[in-house]
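# Residue-level structure breakdown
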Amino acid sequence: MIQNNSNHKKLSGVVGIFDEPHALIMATKKTREFGFKYFDAFTPYPVHGLEVAAGLKRSPIPYVTFVFGLAGCVLAFLYQYWTSAIDWALNVGGKPYNSWPAFVPIMFEVTILLGGLSTVAALFIFCGLPNLKKKAFDLSITRDRFALMIEIQNLDEKDNLKKTKEFLQSVGAKEVREVYEEGWGFSL
Amino acid sequence: MLTAEVRQVKNPGSLIAAPSVKTMFLVFSLIGVVTFMVGLFLDPKRMWFSFLHNHFYFLTLALGGLFFAALQWLTQAMWSAPVRRISEALTSFLPISLITFLILLFGIHYLYPWSYKGDIVLAGKSGYLNISFFVLRNLLAIGLWVFFAIKMIGNSLKQDKDSSLAWTNKNRVLSPIFIILFAITYTMVSFDQLMSLDPHWFSTIFGVYCFAGLFYSNLALTCVLTILLKRQGYLEGIVNKNHLHDLGKFMFAFIVFWAYIAFCQFMLIWYANLPEETSYFLNRMHGGWIYVSLFLLIGKFIIPFFILLPRGAKRNEKLLFNIGIYMLVAQWIDFYWIIQPQYAPDGPVFGLIEIGILLGFLGIFGLVVQKFLSTHNLVAIGDPRLVEAVTHHYQ
């Protein structure tokens, strides 16, 4: 459990917990409209429409995938061309050295391979993963509940903290808590 | 809007067809009939090849409409409920293609070498490639499609009146049966009507190749018609950018699928290099046909692939419309490339006969589809998933 009144730990934000995804979407929208800049939603599974409600911009990942996919296609061709037509020209079944139709399946595979790997790599980079600093503040958000966290940057004064809690309640949170920074490890 | 509370979708009614468009289609049909008559006297062989080409092209558009609709019932798809009726409308041409097939039978001796000449290879195939069996099985296949179209589309139309779930359930039983029969019969029909133009040649993937083309053009036409109706304001509040985006994704996927299948067919034949198989591609890689082959590689795959790749393109109504028309033309050229080298091995022949017959089919197709859309609702208004489909997309 979160130690609510631990003074020696640094406050990182206020979290509101919701029972169903629609309530979270509505609350997220209102939070953004209210003017909070630093907030994050936590869901046990991808919720359609949340990215719109949170006002997230389009991810740059597709461009990475495109560039690497294209590079994979070209590199696979160049490599096969070099091996079978330049470096070690071999006559296979009387076909020309540069038998491009035979190269296509490998070009296709390398396109997929580089595209896929670069997508995962880009995902890790853009999401700042692996993130060892933060830990799950409530295990139920990986199971059946939905959370909206308004981060500390928004609430520098004590007065704000109270107001933020009230705000979360007003947008329908079933439970509102303060979240403190914790070290690396589990506490159930 | 995040909380669009739509409990009921307003029925857009049926199409009020502009008389000028109707007249245009009528004129096209007349041009077609005249070209058919004149062609029969001037150059019957060329006319029959063009007739087969357009018969098969419009047959696939109609059949594709039935396949698309059946696919939605089979998968219980929700997103497609607002556009399904438009693909259903295409099936109204299916009975006409039964008639055009019957007309085609008069040209059988011009088209299919197995019907007028014999050699050792053809003698071995005569158990399958003979006129009576050819006619019988093709009639049976097209008749089967017409039957399923009447049944399934009929159920869908009856649902408009009472919004009963029972009709959807009936189609959920019929659609898997249809899809299985479709796979078998369409393969057979494409083998018979197209592949047997060159009866010495064979390719087991040919049916799949034709299927890829069928879905390629059907998705494009569904998208084009949806946008046309949307522009006229019929689908206000029913079809939005997100539905077009879904259709765009589908189109993009089947551009890739077609290329994949086309290359599978080409590469295996090229690699194995067996004389009885290579003739098909050899004919299409010399003379004027090499340019058509290159067009298929670049124009039917690479160009639309890169145009439809970005997300914005699939949500751009105008672009989607133009690329849809382009894809329909590309598919027409694909069938041209399959069929006409048997008539003109040196290079493509394109003239008034080809244009006239195409216009004729286009006119009749336009007339029946327009008739369907102006007698029935433009949207499957009784579909239990329509409300959800209209609202499921945020924004």
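Residues numbered from 1 in each chain as written. Chains lettered and ligands numbered in written order. Predicted model: local features only at pLDDT ≥ 70, side-chain atom pairs only at ≥ 80, totals over all residues. Heavy atoms only, no water.

## Observations regarding the pattern of salt bridges
If the charged atoms of two oppositely charged side chains come close together, the side chains can form a pair. Formally: Criterion for a salt bridge: a side-chain nitrogen of Lys or Arg within 4 Å of a carboxyl oxygen of Asp or Glu. Burial status follows relative accessibility: with a 1.4 Å probe on protein chains alone, a residue under 20% of its type maximum counts as buried, one over 50% as exposed, and anything between as partly exposed. Secondary structure elements are defined from DSSP: runs of H or I of at least 4 residues count as helices, runs of E of at least 2 residues count as strands, and each element is numbered from the N terminus.
In the structure shown here, the tally under the stated rule is 17 salt bridges over all chains. Residue A:R143 is joined to A:D144 by a salt bridge in which the shortest nitrogen-to-oxygen separation is 4.0 Å. Assessed through its relative accessible area of 59%, A:R143 is described here as exposed. Judged by relative accessible area, A:D144 falls into the partly exposed class, the value being 45%. Note that B:R84 and B:E88 form a salt bridge whose closest N and O atoms lie 2.7 Å from each other. Taken together, the residues span about one helical turn, with B:R84 and B:E88 both in helix α3 (residues 81-90) at a distance of four residues.

## A closer look at the domain arrangement of chain A
The parts lose accessible area when they come together, and the size of an interface is often stated as this lost area. Heads up, the condition is: Where a domain begins and ends is set by an automatic assignment or by a domain database.
When the domains of chain A are assigned, the result is domain 1 (11-58 + 142-169) and domain 2 (61-127). One C-alpha centre belongs to domain 1 of chain A, the other to domain 2 of chain A; they are set 43 Å apart.

## Overview of the environment of B:K158
All names here are of chain B. Inspection of the secondary structure assignment puts K158 in helix α7 (residues 131-162). Residue K158 is classed as partly exposed on the basis of its relative accessible area of 42%. Here the alpha-carbon distance between K158 and A380, two residues 222 residues apart in the chain, equals 9.7 Å.

## Remarks on the interface of chain A and chain B
Operational definition: Contact criterion: two residues are considered in contact whenever any of their non-hydrogen atoms come within 4.5 Å of each other. For any pair of parts, buried area is found by adding up, for both, the accessible area (1.4 Å probe) each one loses once the two are put together. Polar contacts, as used here, are pairs of N or O atoms within 3.5 Å; protein pairs need one atom able to donate a hydrogen and one able to accept it. Residues neighboring in sequence count only if both atoms are side-chain atoms. Residues are grouped as follows: nonpolar covers Ala, Val, Leu, Ile, Met, Phe, Trp, Tyr, Cys and Pro; charged covers Asp, Glu, Lys and Arg; every other residue, Gly included, is treated as polar.
Contact residues are listed per partner, giving 19 residues for chain A and 14 residues for chain B. Taking both partners together, chain A and chain B bury about 1400 Å²; carbon and sulfur atoms supply 81% of that area. Where chain A touches chain B, the interface holds zero salt bridges. For the interface between chain A and chain B, the tally reads two residue pairs in polar contact (both at pLDDT 80 or more). Mapped onto the side of chain A that touches chain B, the elements with two or more residues apiece are α1 (21-34), α2 (50-53), α3 (61-87) and α4 (100-127) of chain A. In terms of residue count, α4(A) provides more of the side of chain A that touches chain B than any other element does, six residues in total. Split by residue class, the side of chain A that touches chain B holds twelve nonpolar, four polar and three charged.

## Quick look at unusual backbone geometry
The omega torsion of the bond from A:L129 to A:P130 falls at -5°, within 30 degrees of zero and hence cis. Despite not being glycine, B:N273 shows a phi value in the positive range, around 60°. The partly exposed category is assigned to B:N273, whose relative accessible area is 46%.

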